[in-house]
Each structure stands twice: as C-alpha cells, then as structure tokens.
Amino acid sequence: MELVQNKPKYIADHIYSADPSAHVFNGKLYIYPSHDIESGVPENDNGDHFNMQDYHVFSMDEIDGEVKDHGCVLKLEDIPWAGRQMWAPDAAEKNGKYYLYFPMKDKNDIFRMGVAISDKPEGPFIPEATPMDGSYSIDPAVLQDNDEDYYMYFGGIWGGQLQRYRDNKAIEVGQEPADHEDALCPKVVKLTADMKGFAEEPKDLVILDENGEPLKAGDHDRRYFEGPWMHKYNGKYYFSYSTGNTHQICYAVGDSPYGPFQYKGVILTPVVGWTTHHSIVEFNDKWYLFYHDSKPSGGKTWLRSVKFIEIDYNSDGTISTIDGQM
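The following refers to the structure shown. (Residues numbered from 1 in each chain as written. Predicted model: local features only at pLDDT ≥ 70, side-chain atom pairs only at ≥ 80, totals over all residues. Heavy atoms only, no water.)

This part is about the environment of Ala-183. Mapped onto the fold, Ala-183 is located in the loop between strand S15 (169-170) and strand S16 (187-190). Residues Ala-183 and Leu-143, 40 residues apart in the sequence, show an inter-C-alpha distance of 23 Å. With near-sequence residues (within four places) excluded, Ala-183 lies in contact with Leu-215, Lys-216, Ala-217 and Arg-223. (Helix = DSSP H or I, 4+ residues; strand = E, 2+ residues; numbered from the N terminus. Contact = heavy atoms within 4.5 Å.)

In structure tokens:
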C-alpha cells in the first residue's frame, strides 16, 4: 500500500476531543467532535469510560490558521431525555439552519439519536425534547446529496449496541453473527424534509468483497464496526468506517448513497489508542482526513486529541494509505 508522507497537525491542546466531523459552512471549516473528559469510570468493552458530558465546536478560516473553540454548545443537562454518554456527533445545514445530530443513552441506557438546532454553525444548539423516532445505536454521519436529499449513516457494535437489533427491531439476546455469516451492516436512512426525523425505515449498507459477496463477520480487518462517514468524489460515493478491534479506517466505493459498496482498502492504519474515528472534507480545493489519537495523553484511549492531514487520491480514484503512528 502507498503511504501518504505529509505530517498531521493537532487542532487543540487545551481540551481533549475526538471523533471529529468536519464540514465547510459559509467558506469556513467547522469541526464537530466529542469532548473527552477524565470521569474516573473504569475501562470496559462497552465503552463506559467514554463518559462525555457536552459538545464544543471548533472553526478555522484557513487550514493552517488559528483554531477557534466556540465553547460548550450543548450539554447533557439541557436535554430532557438524557441519560448519559454524549458520543460522536455530526452536523448538517439546510436553508440557513444548522442541525447537530448526536447519540446518547436515554434514561433506560439505550442509545438513541438526538437533534439540536441553531441559526449559526457554531451554535449554541437547542435540543429537541425527544430523540429521533425509530433511532438506535451510535455515530450519526449526514450526507447532503443535493439541495433536498440528506442521508444519515449510523451504527456501532459492542458498546454501540448495533448487535442488539435486526431489521430495525430490538431482539431478545443481541449478539454478533458467527464468523462465517454476513457481517452486521451499518445503516443508511433518508432524513425528513424538516431534518428532524427518518423519512423511511433504515436500510442495510452492504459492503462487498472482491468476489461481490458481503463481507463476513469474521473478517475483522475489513468488516464494519463503527464510525461511518460518506463523501463524494468525482461522482462516486465513498463510504469510510472504522474496523474497531483491528483499529483501521477502511473505505468502499459505490454509485448510490444506498450502495452496494465495493471494498477498496485502508485509509488509516492503527493510531495510538484503541479507537479510531474520522471524517473527510474538501476545503479550498484540497482534501483532508480529520481523526484522533491518544499521543498527547500518553496513550489513555479515553483522552484523545483531534488532528488532520491532507489525503491523496490516485489516478484510479483510490486513496493512498496514511500511517496512523505519525
């Protein structure tokens, strides 16, 4: 694999932040991350130690310019249905309104998607009183396909609870499929015109291997785990995601926002820290990968820092691999 050799840059050193969703609004780059804190919760496979309480928004006028922290734009105690753990968010704009989408456990410890609204991309954001009807699991990522059509991609296994659902319904004893069975799929759903709900039942986003077969649950180096992102490049849809326990960012390419998607390769090799979560954005005619690692905290995987690096597309549309240890 060809490795990108330019150097990454951290965006902030005064707070820990992770899971960055980067967007260009009104000619400025905005980053919507989760906000890591030291809450003292012991580590476990359900991710209880990722005990975030609020969201900040960062912005940049130019890629190497000053990064502005707009402060706390939404906090747990402002949300009527809140339980705990405000995980990785995303944002979208429509008709001059800005929508912050976020996963959070409700009072029954079930992950749902919330939406909060602002007149400004930097917030503050006012939450809706209830979660999005029919929502579940984690990691919302919203694609604006054209002026009217917006799609949300979501889902994460283990602590993200995706294994507890089949056909959008909770099942009695949720678990991952056997290794020889098809892997659990991320979900895709078109949003309603008011951006506050699902316009349809969420659908499986299928990732195919080199033989045109769905990736298997035992294929941990390639199968979906969490952290979806969708962007468009040269008319193609690029779906990228984290493989979770194998710590890679991989991608697949399709001709429709619904797929199917053909697996293409690795964008980012494992970083320092357990988790890996990213976004890809075009800004001033260059493309950038925003992601995080735990180097500044000395490897504490629940105390992460957002960084970015320019990415390279090859002539065939593939993306050069980035060394996550840089």
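With that out of the way, let us pick up the packing of aromatic side chains. One pass over the structure, following the stated rule, counts 27 aromatic pairs. Summarising the aromatic geometry, the rings of Tyr-233 and Tyr-313 are spaced 3.6 Å apart at their centres and angled 5° between planes, so their arrangement reads as stacked. In this pair, Tyr-233 sits in strand S19 (residues 226-233) while Tyr-313 sits in the loop between strand S25 (305-310) and strand S26 (321-322), placing the two residues 80 residues apart along the sequence. Classification of Tyr-233 by relative accessible area gives buried; the value is 18%. Residues Phe-290 and Phe-308 carry aromatic rings whose centres are separated by 5.2 Å and whose planes lie at 25° to one another, so their mutual orientation is stacked. (Phe/Tyr/Trp six-rings, centres within 6.5 Å; stacked < 30°, edge-to-face > 60°. Buried < 20%, exposed > 50% of the residue type's maximum accessible area, 1.4 Å probe, protein only.)

Tallying each qualifying case throughout the model produces zero disulfides. As a non-bridged cysteine, Cys-185 has Cys-250 as the owner of its nearest cysteine sulfur, 15 Å distant. (Disulfide = S-S within 2.5 Å.)

Further remarks concern the sheet that holds strand S24 (residues 286-293). In spatial order, the strands read S2-S25-S24-S23; together these four strands make up an open sheet with antiparallel pairing. In this open sheet, the two strands that pair with only one neighbour each are strand S2 (9-10) and strand S23 (279-283). Pairing geometry for S2 and S25, over two bridges, is antiparallel. Counted as the bridge partner of Lys-9 is Phe-308 from S25. (Pairing = 2+ DSSP bridges.)

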